[in-house]
Amino acid sequence: MSGCRHPLMDRERYASGTEWESTVGYSRAVRAGDEIHVSGTTATDDDGAVVGAGDPYAQMVQALDNVEAALSALDASLDDVVRTRTFVTDIDDWEEIGRAHGTVFADVRPATTMVEVQRLIDPAMLVEVEAVARD
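Definitions and limits used
- Residues numbered from 1 in each chain as written.
- Predicted model: local features only at pLDDT ≥ 70, side-chain atom pairs only at ≥ 80, totals over all residues.
- Heavy atoms only, no water.
- Helix = DSSP H or I, 4+ residues; strand = E, 2+ residues; numbered from the N terminus.
- Buried < 20%, exposed > 50% of the residue type's maximum accessible area, 1.4 Å probe, protein only.
- Axes fitted to C-alpha atoms, helices over the stretch in contact; angles between N-to-C directions.
- Left-handed = near helix turned anticlockwise from the far one by under 90°.
- Contact = heavy atoms within 4.5 Å.
- Nonpolar A, V, L, I, M, F, W, Y, C, P; charged D, E, K, R; others polar.

Draft legend 1. A look at the environment of Asp65. Tracing the chain through its elements places Asp65 in helix H2 (residues 56–73). Given the relative accessible area of 38%, Asp65 is considered partly exposed. Sequence spacing of Asp65 and Ser16 is 49 residues, and the spatial spacing of their C-alpha atoms is 12 Å.

Draft legend 2. Looking closely at the packing of H2 against helix H3 (residues 94–104). As a packed pair, H2 and H3 sit with axes 8 Å apart at the nearest point and diverge in direction by 35°. Crossing of H2 over H3 shows right-handed handedness. Here Pro56, Tyr57, Met60, Val61 and Leu64 of H2 lie close against H3, whose contacting residues are Glu96, Ile97, Arg99, Ala100, His101, Thr103 and Val104. Across the contact of H2 with H3, the residue classes tally to eight nonpolar, two polar and two charged.

See below:
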């Protein structure tokens, strides 16, 4: 049937508590059925401070640690990731960012995309990553 939806399909949400989640009205991650979608995740610590200022490798590592925490909260792991998208403020940093991604996903090898964007929400942020997992 056209236009027919299943409102509130079994959905579980995870919030990390960043200021942006409540302001913008989104969840860090959402489980719908066997899929988990992790929102754009940056290199912030538990207090919201940017980790690895000026270091794209360190920022990617922290962002992926934050993705892992979101997945774990929804009973999944990095091994369940099937797709990542990485947004970078300087595509010339692709090797360092790619190396961090490759270290984490060496055996998983999800489909991935990396694109350059003009800027992220905080000028100190160099990397933002999204993930989709299936379990």
